[in-house]
4 protein chains.
Amino acid sequence: MAAEKKITRAEQKALRPIQILDAAFEEFVRCGFAGTRVEDIAERVGVTKGTVYVYFETKETLFEAMINHFSVPFQELLAITDELSGSATERLKSILSLLYEQIAEDRTTRELVRLVIAEGQRFPDLIDRHHDEFIAPIIAKIDSLIVEGMASGEFRQIPVEFSDMVVAPILTRTVLRLIFDDRRDPIPNKEAFLRTYFDLLFNGLLAKPG
Amino acid sequence: MAAEKKITRAEQKALRPIQILDAAFEEFVRCGFAGTRVEDIAERVGVTKGTVYVYFETKETLFEAMINHFSVPFQELLAITDELSGSATERLKSILSLLYEQIAEDRTTRELVRLVIAEGQRFPDLIDRHHDEFIAPIIAKIDSLIVEGMASGEFRQIPVEFSDMVVAPILTRTVLRLIFDDRRDPIPNKEAFLRTYFDLLFNGLLAKPG
Amino acid sequence: MAAEKKITRAEQKALRPIQILDAAFEEFVRCGFAGTRVEDIAERVGVTKGTVYVYFETKETLFEAMINHFSVPFQELLAITDELSGSATERLKSILSLLYEQIAEDRTTRELVRLVIAEGQRFPDLIDRHHDEFIAPIIAKIDSLIVEGMASGEFRQIPVEFSDMVVAPILTRTVLRLIFDDRRDPIPNKEAFLRTYFDLLFNGLLAKPG
Amino acid sequence: MAAEKKITRAEQKALRPIQILDAAFEEFVRCGFAGTRVEDIAERVGVTKGTVYVYFETKETLFEAMINHFSVPFQELLAITDELSGSATERLKSILSLLYEQIAEDRTTRELVRLVIAEGQRFPDLIDRHHDEFIAPIIAKIDSLIVEGMASGEFRQIPVEFSDMVVAPILTRTVLRLIFDDRRDPIPNKEAFLRTYFDLLFNGLLAKPG
DNA sequence: CATGAATGAGTTTTCATTCAT
DNA sequence: TATGAATGAAAACTCATTCAT
């Protein structure tokens with residue numbers, strides 16, 4: 001408790017914008033951009049409307065800042081994927097595991113996906129930047145792994161423009177969780193999910209002849 | 001031409017609600033529930049605000065009616081899937097082809113998916129009803145096909161609770177089109193998509209030994 | 001009273017914007033542009049804020065419309081000045097009498113002058129248009145009269161670019177009334193004002209030699 | 001240079017209020033009382049809002065202090081007029097020349113006139129005090145000069161309550177410059193202005209007979 | 001049925017002012 | 001003194017909804 005008191009003016013000031021961004025995330029996720037009241041964001045932080053406007057010029061600005069703020073973990077994921085080693089299969093599994101963890105299992109990223117789908121049309125620049133900074137590099141990474149695997153004879157030949165099929169189960173699980181919000185479609189355990197995912201992805205549905 | 005002219009009062013009146021639902025769809029898709037103005041819907045029809053309220057009690061009522069109105073084609077899909085014949089593989093391919101056509105390629109269904117993701121939290125009953133009426137039966141259908149295929153030795157053994165992975169590429173393509181709205185990620189031809197989809201789904205990514 | 005009831009919807013609608021413009025005039029005059037509350041304008045009309053926005057998009061729009069509305073009488077003045085006859089002196093007296101009546105004596109125009117001085121910087125386009133449509137033509141008219149009078153030997157030779165000195169007593173009286181608002185500087189009778197004005201203007205202050 | 005550096009704490013503090021008054025003048029002139037933000041005044045000085053409130057209790061207080069501060073030069077003018085000598089005509093010319101210089105040519109006084117016209121209704125006491133301290137004494141001075149000139153036969157007999165006509169070209173020029181802000185109505189040279197002004201004032205517009 | 005003027009409750013935004021540091 | 005974060009009251013503006021015609 002004494003420790004809490006130690007929060008000085010200066011520290012408080014550095015904290016405020018983060019607190020507001022956190023609160024904004026919750027409210028925007030709950031009600032969407034248009035449906036969210038700035039006052040509710042403020043209340044969640046424990047300040048008044050006016051304070052929000054001290055830090056963010058408009059509701060739009062706040063929304064954009066919030067999206068940027070919560071996109072940071074995604075960037076870290078990108079860094080990790082560069083340091084993998086092993087066969088193409090092993091590295092692909094690693095990346096897909098990480099992606100699953102980051103997108104489907106992490107509530108923040110999952111809800112970010114909701115906002116991108118729901119509000120993307122109102123913030124096209126934000127979407128474009130996200131595509132360029134997050135989606136495209138990851139897709140490129142997976143593409144190059146597949147190309148490498150095909151070149152080495154590890155993978156069968158498939159048209160590389162469809163590499164999003166490789167990550168499809170991850171995005172699909174993410175979206176289904178967004179829609180049914182764990183009421184329906186309860187989430188089974190991660191290990192089983194990944195095991196089946198990789199089994200299907202690498203071996204296919206058909207029983208092998210012979 | 002004379003026939004067209006005959007569309008007078010009585011028919012016009014029967015048409016009105018449909019026109020309003022169509023306009024509502026466009027506006028709700030464009031701006032979301034909270035961001036849409038009833039006046040803009042009216043303007044799109046060429047009437048005034050008041051007229052919308054002649055047919056629909058509130059904006060919420062209109063939204064729900066619109067969702068129901070545009071969910072009809074989906075029901076037809078369900079009927080068709082019961083009449084298929086052939087091997088499990090063939091029937092699965094047929095269902096997935098139909099689903100792809102209906103969900104990823106059809107703009108209306110695609111945008112309905114956006115609304116479900118974006119506004120689902122505000123209209124949980126709507127979502128639940130949709131799950132029960134559309135999603136569950138289709139998943140059940142696919143599940144039973146897979147079970148059947150596994151039983152007959154046509155398919156390998158996979159845990160049936162992950163059957164959504166089978167349709168994942170379809171939902172993924174749908175969502176990516178929603179997000180990037182054909183600016184990025186241009187849609188390749190359908191045949192190539194389905195060919196690769198089925199190839200991967202049935203045979204997997206790995207080169208077969210031998 | 002029955003007559004008042006006769007005001008139908010249609011007539012009421014045609015009246016509303018005028019009522020709002022009248023109320024806007026009073027409030028803008030009283031508090032200036034920034035100091036005026038749209039709600040006070042509405043209250044003066046006996047409607048609510050929202051109604052004002054039915055007719056005028058923004059406070060700025062309303063302000064501009066109000067200025068334009070009340071500038072109309074000024075245009076009529078211009079028309080009259082073209083129909084004068086008599087000597088240059090007589091016509092000049094007629095014009096100056098009209099101007100005095102229209103600018104210094106008419107409360108509406110007088111307050112319009114206040115708004116032009118006070119808010120001109122915020123609405124430069126409005127000011128420019130007024131200059132071109134009202135001020136410039138009147139100055140031109142007076143200029144041409146003076147030139148004509150000088151040519152005919154009726155007037156002494158003076159540099160024509162200073163013709164605003166000829167109307168100076170009118171604008172000065174206007175401004176003084178605006179500043180002291182009849183508390184100080186009580187207004188003497190019009191006839192005496194014009195008599196002295198013309199006497200000084202035509203004969204000057206100095207006693208004539210001889 | 002060393003001297004300039006010496007302006008430290010003590011002198012800085014003595015300077016602050018003046019700096020604030022100067023900044024307040026510019027902002028109040030630009031946006032009017034209601035339209036001016038205290039923050040903009042502070043920013044112009046290079047301090048923060050709070051600092052303004054260290055020196056002035058409220059925005060109103062600041063406005064009034066600013067008006068008083070910039071009215072000082074006017075007082076000096078009054079002193080000078082008492083020391084003139086020569087014929088009534090000569091002294092009148094001197095006074096009018098000084099007035100022209102002080103009111104029409106001096107930007108500060110000119111803008112003060114704008115504020116008096118624009119904000120006078122909100123600050124009636126300020127206006128009254130100004131009338132009593134500046135306007136009335138000057139008008140009185142001119143009145144007495146005219147009376148003296150009439151008594152000595154130098155001037156023709158005119159009703160003395162209209163002496164504001166004598167200064168009208170000065171106020172008129174001031175107001176026109178305020179309205180058109182030198183965009184229209186470019187200012188001709190001072191000498192020509194005064195020459196024509198005095199010529200018209202003393203001799204009138206009419207060609208003298210004989 | 002259709003209108004659209006009017007409402008009023010609500011939302012975003014602004015800003016003078018305060019006060020702990 | 002100076003700061004600037006925070007306030008809160010108010011102002012501009014919005015819009016779903018109503019209702020007399």
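Residues numbered from 1 in each chain as written. Chains lettered and ligands numbered in written order. Predicted model: local features only at pLDDT ≥ 70, side-chain atom pairs only at ≥ 80, totals over all residues. Heavy atoms only, no water.

An unreviewed UniProt entry lists chain A under the name TetR/AcrR family transcriptional regulator, with Rhizobium bangladeshense as the source organism.

A. Summary view of the relation of the copies chain D and chain C. Placing chain D over chain C gives an RMSD of 0.1 Å and needs a rotation angle of 180 degrees, together with 0.0 Å of translation along the axis. Expressed as an axis order, the relation between the two copies is that of a two-fold axis. Of every C-alpha in chain D, the one belonging to Gly204(D) sits nearest the axis of rotation, 1.8 Å from it. A shared binding surface is used by both copies, with 98% of the interface residues of chain D retained as interface residues in chain C. (Least-squares fit on C-alpha atoms with pLDDT ≥ 70 in both. Contact = heavy atoms within 4.5 Å.)

B. Representation of the interface of chain B and chain A. Contact residues are listed per partner, giving 56 residues for chain B and 56 residues for chain A. Counting across the interface, chain B meets chain A through four salt bridges. For the salt bridge of Asp199(A) with Arg156(B), the shortest nitrogen-to-oxygen distance reads 2.5 Å. Linking chain B to chain A there are 16 residue pairs in polar contact (both at pLDDT 80 or more). When contributions to the side of chain B that touches chain A are tallied by element, the ones reaching two or more residues are α2 (9–35), α6 (88–105), α7 (107–119), α8 (124–151), α9 (164–180) and α10 (190–203) of chain B. In terms of residue count, α9(B) provides more of the side of chain B that touches chain A than any other element does, 12 residues in total. Across the side of chain B that touches chain A, the residue classes break down as 33 nonpolar, nine polar and 14 charged. (Salt bridge = Lys/Arg side-chain N within 4 Å of Asp/Glu carboxyl O. Polar contact = N/O pair within 3.5 Å; in protein donor to acceptor, adjacent residues only side chain to side chain. Helix = DSSP H or I, 4+ residues; strand = E, 2+ residues; numbered from the N terminus. Nonpolar A, V, L, I, M, F, W, Y, C, P; charged D, E, K, R; others polar.)

C. Layout of the UniProt feature "DNA-binding region" (unreviewed entry) in chain A. According to UniProt, the feature "DNA-binding region" (unreviewed entry) maps to residues 37–56 of chain A in the numbering used here. With 75% helix and 0% strand, residues 37–56 of chain A has its two end C-alpha atoms placed 14 Å apart. (UniProt positions renumbered as here; feature names shortened; annotations may be inferred.)

D. Structural view of helix α7 (residues 107–119) of chain A. Residue and element names in this part refer to chain A. In this model α7 runs 18 Å from its N-terminal to its C-terminal C-alpha over 13 residues, within 8% of the 18 Å that 1.5 Å per residue would give. With 10 of 13 residues buried, α7 is to be regarded as a mostly interior element. Among the residues making up α7, those that are buried are Thr109, Arg110, Glu111, Leu112, Val113, Arg114, Leu115, Val116, Ile117 and Glu119. (Expected span 1.5 Å × (residues − 1). Buried < 20%, exposed > 50% of the residue type's maximum accessible area, 1.4 Å probe, protein only.)

E. Examining the protein's contact with DNA strand F more closely. In the neighbourhood of DNA strand F, 32 residues make up the surrounding shell, with Arg16(A), Tyr55(A), Arg37(C), Thr51(D) and Tyr55(D) lying closest. Counted by atom, the contact set of DNA strand F within 4 Å of the protein is 78% sugar and phosphate. Note that a phosphate oxygen of DNA strand F is positioned 2.4 Å from one of the side-chain N or O atoms of Arg16(A). Counting residues per element, the ones that place at least two in the surface near DNA strand F are α2 (9–35) and α4 (49–55) of chain A, α4 (49–55) of chain B, α4 (49–55) of chain C together with α2 (9–35) and α4 (49–55) of chain D. Per-element accounting of the surface near DNA strand F gives the leading share, five residues, to α4(D). Taken together, the residues of the surface near DNA strand F break down into nine nonpolar, 10 polar and 13 charged. (Near = heavy atom within 4 Å.)

F. Just the relation of the copies chain B and chain A, in detail. Note on the identical chains: chain B maps onto chain A by a rotation of 180 degrees and an axial translation of 0.0 Å, with an RMSD of 0.1 Å. A share of 100% of interface residues in chain B that are also interface residues in chain A marks the association as one of identical surfaces.

G. Representation of the side chain of Glu119(D) in the model. Residues and elements named next belong to chain D. Here glutamate 119 shows up in helix α7 (residues 107–119). Although glutamate 119 is buried, it forms no salt bridge, and the closest oppositely charged side chain is arginine 122 at an N-O distance of 4.2 Å. Polar side-chain contacts of glutamate 119 include one of 2.9 Å to the backbone nitrogen of phenylalanine 33. For glutamate 119, the contacting residues outside a window of four places in its chain are Gly32, Phe33 and Phe63. (Lys, Arg positive; Asp, Glu negative; His and termini not counted.)

H. Just the confidence of the model for chain A, in detail. Per-chain confidence: chain A averages 88 in pLDDT, with 90% of residues scoring 70 or above. With pLDDT under 50 throughout, residues 1–6 of chain A is counted as low confidence; its partners more than four residues away or in other chains account for one contact. (pLDDT = per-residue confidence, 0-100.)

I. Just the interface of chain D and chain C, in detail. Across the contact, 56 residues belong to chain D and 55 residues belong to chain C. Between chain D and chain C we count four salt bridges in total. On inspection of chain D and its partner chain C, the count reaches 19 residue pairs in polar contact (both at pLDDT 80 or more). Where the side of chain D that touches chain C is concerned, the elements lending two or more residues are α2, α6 (88–105), α7, α8 (124–151), α9 (164–180) and α10 (190–203) of chain D. Per element, the largest residue contribution to the side of chain D that touches chain C is 12 residues, and it comes from α9(D). When its residues are assigned to classes, the side of chain D that touches chain C shows 33 nonpolar, nine polar and 14 charged.

J. Region of the structure containing the protein's contact with DNA strand E. Around DNA strand E, 33 residues are found, and the nearest of them are Arg37(A), Thr51(B), Tyr55(B), Arg16(C) and Tyr55(C). Considering DNA strand E, the proportion of its atoms within 4 Å of the protein that are sugar or phosphate atoms stands at 75%. For DNA strand E, a phosphate oxygen lies 2.6 Å from a polar atom in the side chain of Arg37(D). Here a phosphate oxygen of DNA strand E sits 2.9 Å away from a polar atom, N or O, in the main chain of Lys59(D). At five residues, the largest contribution of residues to the surface near DNA strand E is made by α4(C).

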